[in-house]
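# Understanding the architecture of this molecule
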Amino acid sequence: MSASEDAYDAALDMAGAHARAWLGSLPDRPVPPRTDADGLAPVFGGPLPDGPADPAEVIDLLARSAEPGLMAMPSGRFYGWVIGGTLPAALGADWLVSAWDQNAAMRYPTPAVAALEEAAGAWIVDLLGLPAGADVGFVTGATVANFTGLAAARRHVLARVGWNLDADGLFGAPRIRVLVGEERHETLDLALRHLGLGAPTAVAADEQGRIRLDALAEALEAGGDGPAIVCLQAGNVHSGAFDPIGEAARIAHRHGAWVHVDGAFGLWAAASPGLRHLVPGLAGADSWATDAHKTLNVPYDCGVVVVADPGALRAAMGVHASYLIEPAGPGGPADPFEKVPELSRRARGVPVWAALRSLGRSGVAGLVDGLVRNARAMAEGIAAIDGAEVLNDVVFTQVCAAFGDDERTAAVTRALLEDGSAWMSGSRWRGRAVLRVSVSNWSTDDADIEASLAALRRAAQRASRPHR
Ligand SMILES: *Cc1c(COP(=O)(O)O)cnc(C)c1O
């Protein structure tokens, strides 16, 4: 077999046909998978065949066998965790990224994807109102975007007190105090662990989960003037609430702290004229992390890190090996590998470029506004269900509801998942069992909201029976 066009034709045609069938099934199919990973183990596993198989037949087998084990995450009736669907242009671009197979580490050998990612990065900085000239890196998700921003922070705050992290590592270094809101996302703690910074100091939050400014000021004052990093949040996974970023950043900067914002899904509020008021002073931070695979609706996986001071990011992430073409140097455009933890990488920014190019400025705002409108409709519908209570102020895309005591809320959640018309995850928030609804899919429409509320009403009715 040669790598001619023909070698790919049959496999791509097969993949395309199965992809279309999958996408076509989304409007009506039940959301949950019909089997579990253990059930699929014998289908995909067993001994590796001794010899080769026809590529198109492999793709056919793969798609047919996988279908019962696929969750309809791109369905307009999927509201679990914070997920997001896939815009058509982003999916098309993602296919091309695979076909092009560019190693997107450097500008010189792969100019097209480098230029596309630079354009996408500049658009994001512009849309979110972040400082012009900030560096943008495309990574796997917000966990790694947080890690990357915080790596720049770590090196920078240590350099300010005369500690050479590159030469001496963290052993014997001045302790960096990391302050986070008590309702930060758990992956922030993970990023801090990866960075050897230990457990952060949790600062008290208010009833919506927003960091309290008085508590932040107090914690900073108590800590003296050693190196410090303050992590703020744009979008709480339970309430959708936003930390008072501008005010908190001003307080943190008075103490010489680096300010990082985890805005995995919420940062996109800044792209909407109607929602921008949720993130006043956003540009005053030093680094930002977000996902493109959540609110922006590109396929998995794509996270974005933005750092205001390009030198800080490049110093933390750059590598200099003799077989690489040397980067342009300070002042010039960075090679992609200077802005992310990886060297070899997929051109993750290309689907972002396509999503933004297809939406335009008004389309991005419309996308975010639409999610929030749907979340509000969902909240209203839930509040109208007998015994239900919406626990958060629905300012963005998240709704947290209870259906009486913890036991009944859990029963309603179970009944909803059994019904299969819609998918929402259970959680605990502020000491209570909750049903979490995250409206993150561009394709969710009025019919989806109505069908999902109907499923929830059925679930609430069924969950009531044992108590009567
Ligand atoms: C989803 C999420 C993360 C983690 O992002 P991944 O893309 O899953 O790595 C971090 N913070 C917040 C607020 C999130 O919603």
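Val-261, Leu-282, Leu-296, Val-352 and Phe-396 are the most contacted members of the largest nonpolar core, which has 59 residues in total. Residue contributions to this core peak at 7 residues, all from helix H12 (residues 349-383). For Val-352, the contacting residues outside a window of four places in its chain are Ala-120, Ile-124, Phe-138, Ala-292, Leu-296, Val-298 and Cys-302. If you look at the next biggest cluster of nonpolar residues, it comprises 29 residues, including Ala-151, Ala-173, Ile-176 and Leu-313.

Time to look at the packing of helix H2 (residues 37-44) against helix H3 (residues 55-66). Where H2 meets H3, the axes come as close as 11 Å, and the angle between the chain directions of the two elements is 160°. In terms of orientation, H2 and H3 fall into the roughly antiparallel class. Every pair of crossing elements has a handedness; the one defined by H2 and H3 is right-handed. Of the residues in H3, those in contact with Leu-40, Val-43 and Phe-44 of H2 are Leu-62, Ser-65 and Ala-66. A per-class count over the contact of H2 with H3 returns 5 nonpolar, 1 polar and no charged.

Around the ligand lies a shell of 13 residues, among which Thr-143, Asp-262, Asp-291, His-293 and Lys-294 are the nearest. Between the ligand and His-293 there is a distance of 2.9 Å, counted from an oxygen atom to a side-chain nitrogen or oxygen. When the ligand sits alone it has 380 Å² of accessible area, and the protein chains cover 84% of it.

Moving on, we get to a nonpolar patch on the surface. Residues Val-43, Phe-44 and Leu-62 make up a contiguous nonpolar surface patch of roughly 280 Å² in combined accessible area. Inspection of the secondary structure puts Phe-44 in helix H2.

With antiparallel pairing, the 4 strands of this open sheet are ordered in space as E8-E9-E11-E10. The open sheet has two edge strands, strand E8 (389-390) and strand E10 (425-429), and neither has a second partner. Sheet topology places E8 next to strand E9 (residues 398-402); 2 bridges connect them, and they run antiparallel. Paired with Val-390 across the bridge in E9 is Ala-401. Sheet strands touched by helix H13 (residues 406-419): E9, E10 and strand E11 (432-438). Its angle to E11, the strand with the most contacts, is close to 35°.

Once that is clear, we can look at the domain arrangement of the protein chain. Its domain assignment divides the protein chain into domain 1 (3-72), domain 2 (92-355) and domain 3 (362-464). Once you take the C-alpha centre of each, domain 2 and domain 3 turn out to be 30 Å apart. With 26 residues of domain 2 in contact, the opposing surface of domain 3 contributes 25 residues. Taken together, the two surfaces of domain 2 and domain 3 that pack against each other cover about 1,900 Å², and 61% of this comes from carbon and sulfur. If you sort the residues of domain 2 by the area they bury against domain 3, His-238, Leu-275 and Asn-297 come out on top, with a joint share of 31%. Scanning the region where domain 2 abuts domain 3 turns up 1 salt bridge. Among the salt bridges present, the one from Arg-430 reaches Glu-183, with a minimum N-O distance of 3.4 Å. Counted by class, the side of domain 2 that touches domain 3 contains 12 nonpolar, 10 polar and 4 charged residues.

So, how was this worked out
- Residues numbered from 1 in each chain as written.
- Predicted model: local features only at pLDDT ≥ 70, side-chain atom pairs only at ≥ 80, totals over all residues.
- Heavy atoms only, no water.
- Core = buried A, V, L, I, M, F, W, Y, C linked by side-chain atoms within 4.5 Å.
- Buried < 20%, exposed > 50% of the residue type's maximum accessible area, 1.4 Å probe, protein only.
- Helix = DSSP H or I, 4+ residues; strand = E, 2+ residues; numbered from the N terminus.
- Contact = heavy atoms within 4.5 Å.
- Axes fitted to C-alpha atoms, helices over the stretch in contact; angles between N-to-C directions.
- Parallel < 35°, antiparallel > 145°, perpendicular 65-115°, else oblique.
- Left-handed = near helix turned anticlockwise from the far one by under 90°.
- Nonpolar A, V, L, I, M, F, W, Y, C, P; charged D, E, K, R; others polar.
- Near = heavy atom within 4 Å.
- Polar contact = N/O pair within 3.5 Å; in protein donor to acceptor, adjacent residues only side chain to side chain.
- Areas by Shrake-Rupley, 256 points an atom, 1.4 Å probe, with all protein chains shown as cover.
- Patch = residues over 30% accessible without salt bridge, like charges linked within 9 Å, V, L, I, M, F, W, Y side chains within 5 Å.
- Salt bridge = Lys/Arg side-chain N within 4 Å of Asp/Glu carboxyl O.
- Pairing = 2+ DSSP bridges.
- Domains from an automatic or database assignment.
- Buried area = accessible area lost by both parts, 1.4 Å probe.

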